Amino acid sequence: MHPPSDCLAVFLLFISDWSAPCFPQLLIDLSEYVSLVSLAATDATKTQWQPPKPPPPPDVSSRPPDTDLVNPQIQTETYPQLETPAGTVVASRSYADFTPRVTFDIKKCDLHGLEVGPPLKAELTRAQGLEYYRTMQTVRRMELKADQLYKQKIIRGFCHLYDGQEACAAGIEAAINLSDHLITAYRAHGYTFTRGVSVKEIMAELTGRKGGVAKGKGGSMHMYAPHFYGGNGIVGAQVPLGAGVALACRYQGNDQICVSLYGDGAANQGQIFETFNMAALWKLPCIFVCENNKYGMGTSVERASASTDYYKRGDFIPGIRVDGMDVLCVREATKFAADHCRSGKGPILMELQTYRYHGHSMSDPGVSYRTREEIQEVRSRSDPIFMLKERMLSNNMASVDEFKEMDTAIRQEVEEAAQFAMSDLEPPLEDLCNHIFANNPPLDVRGTNQWSTLKSIS
Ligand SMILES: Cc1ncc(C[n+]2csc(CCOP(=O)(O)OP(=O)(O)O)c2C)c(N)n1
Ligand SMILES: [Mg+2]
């Protein structure tokens, strides 16, 4: 938890974000992407996402030919026919009918200070593809739900959405271990999910309820999980903290690494360069990741940065520029970076080229400094979820029905989480100062005046 002074600083810095409820007319209308299914209609007895059942036989004839997004080199390997006591299964479609793994050509990364970079091909198994799809689609639906609840004034305060950038979180997480460490800025809902927190706990945190992952006292920007250090509101401040975590890994000699994420706007901050210096000097196992989503609030990278080659800005730290809209590119680049760190070579920098669909925060309609056409163009050319789905469909790795089933289950999970987030109780007042530390003995907390006698119990 942030001490009160931090909270005040965050409040002052983000004061513009608070104006959101005053300007509902400025907010983007995303209703076309948002499920308007009545909450009352959701079935509370349904459980979380389950792997879909084997789908019916495919209608390959109606499928469009490979698009330019897809340049696969299909390995012809398929599972052997299933032998059952009743004989070989051929009548109905089973998992055996799908191509179990495909190797795709992926975009070459630009390199800085490196002779060799990540591979140009990436293998995707059917199970991995479905898992990445589920992760990205859950984050997408969660964010669209948050948008809706915000406009209904059920979520208040700061709220920065991550839709558009899902391949970054899914790709990074696919390449590191849960025992590795990760820290990010305030656009944190996606990473909170990929670090293992449930949609329910995230949504309840957004509405400030007891069942939230930070017990309703952190909100959108302050969510945590084991080996996940937030959710940080001060631009760039999480980068030195991440290097500190990497120093702890090195000190303990545990082979773990820390992924320290920041934005293109934060990339111009002094503390980032101070961190680079110490991390390189001490060979810290830290992957610095600049999520270049083209804007820092309403300022485009061209207007803010003398050099927009963010992957080169570590100077003496090697860097790679990665297609951040392609989950496979991100995964392969992160694997490469993690190997680099674990082998004792010190830090590495990754620039992930990505895009945010929403405005900076809920107080920003997101169309005064960029056009609707620009957003639409990115959506139609390189949406990370659509690209993965297309790849899998056009290579017979999954069926349309299977994706539909998964979409329905995800929608339902998000609806149920939203229902919980609206019905769960708010934390009691006595809880106000509790949980400042995870496991300290009770401590006195300074209140708003010298006579306050508040206690924090963990
Ligand atoms: C030290 C500091 N300065 C300014 C701000 C206000 N602020 C909040 S977000 C932001 C833009 C950051 O952009 P970027 O790093 O590109 O991240 P993105 O929002 O695009 O994810 C600014 C200037 C702040 N929170 N902290
Ligand atoms: Mg940015």
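Residues numbered from 1 in each chain as written. Chains lettered and ligands numbered in written order. Predicted model: local features only at pLDDT ≥ 70, side-chain atom pairs only at ≥ 80, totals over all residues. Heavy atoms only, no water.

Whenever I open this one, the coordination of the magnesium ion (ligand 2) confuses me. Can you help?
Perfect tetrahedral coordination of a metal by four donors corresponds to 109.5 degrees between them, and perfect octahedral coordination by six donors corresponds to 90 or 180 degrees. Within the protein, the atoms that donate to the magnesium ion (ligand 2) are Asp-264 (OD), Asn-293 (OD1) and Tyr-295 (O), at distances of 2.1 to 2.2 Å. Mapping the donors of the magnesium ion (ligand 2) onto the primary sequence yields the spacing D-x28-N-x1-Y. Comparing Asn-293 with Tyr-295, the two get one shared label, buried. (Donors = N, O, S within 2.8 Å, 3.2 Å for Na, K, Ca; no water. Buried < 20%, exposed > 50% of the residue type's maximum accessible area, 1.4 Å probe, protein only.)

For this particular structure, what's the right way to read the site of ligand 1?
Taken together, 17 residues surround ligand 1, and among them Tyr-186, Arg-187, Gly-265, Asn-293 and Tyr-295 come closest. One of the backbone nitrogen or oxygen atoms of Gly-233 is found 3.1 Å away from a nitrogen atom of ligand 1. Between ligand 1 and Asn-293 there is a distance of 2.9 Å, counted from an oxygen atom to a side-chain nitrogen or oxygen. Coverage of ligand 1 by the protein chains reaches 80% of its 590 Å² of free accessible surface. The residue makeup of the shell around ligand 1, split by class, is eight nonpolar, seven polar and two charged. (Near = heavy atom within 4 Å. Polar contact = N/O pair within 3.5 Å; in protein donor to acceptor, adjacent residues only side chain to side chain. Areas by Shrake-Rupley, 256 points an atom, 1.4 Å probe, with all protein chains shown as cover. Nonpolar A, V, L, I, M, F, W, Y, C, P; charged D, E, K, R; others polar.)

Help me out: how do you make sense of the nonpolar core in this one?
For soluble globular proteins, the rule of thumb is that nonpolar side chains tend to be buried together. Ile-172, Tyr-191, Met-203, Ile-287, Val-322 and Met-350 are the most contacted members of the largest nonpolar core, which has 71 residues in total. Of all hydrophobic cores here, the second largest spans 20 residues; its members include Ile-183, Ala-267, Phe-288 and Tyr-310. (Core = buried A, V, L, I, M, F, W, Y, C linked by side-chain atoms within 4.5 Å.)

So what exactly am I meant to see when it comes to the packing of aromatic side chains here?
Here the distance between the centres and the angle between the planes together describe a pair of aromatic rings. Considering all chains together, one arrives at five aromatic pairs under this definition. Relative to Tyr-369, the ring of Tyr-295 has its centre 5.2 Å away and its plane inclined at 55 degrees; by these criteria the two rings are tilted. Taken together, the residues Tyr-295 in strand 10 (residues 295-296) and Tyr-369 in the loop between strand 13 (348-353) and helix 10 (372-382) connect sequence positions 74 residues apart. Taken together, the ring pairs connect Phe-273, Phe-276 and Phe-288 into an aromatic cluster. (Phe/Tyr/Trp six-rings, centres within 6.5 Å; stacked < 30°, edge-to-face > 60°. Helix = DSSP H or I, 4+ residues; strand = E, 2+ residues; numbered from the N terminus.)

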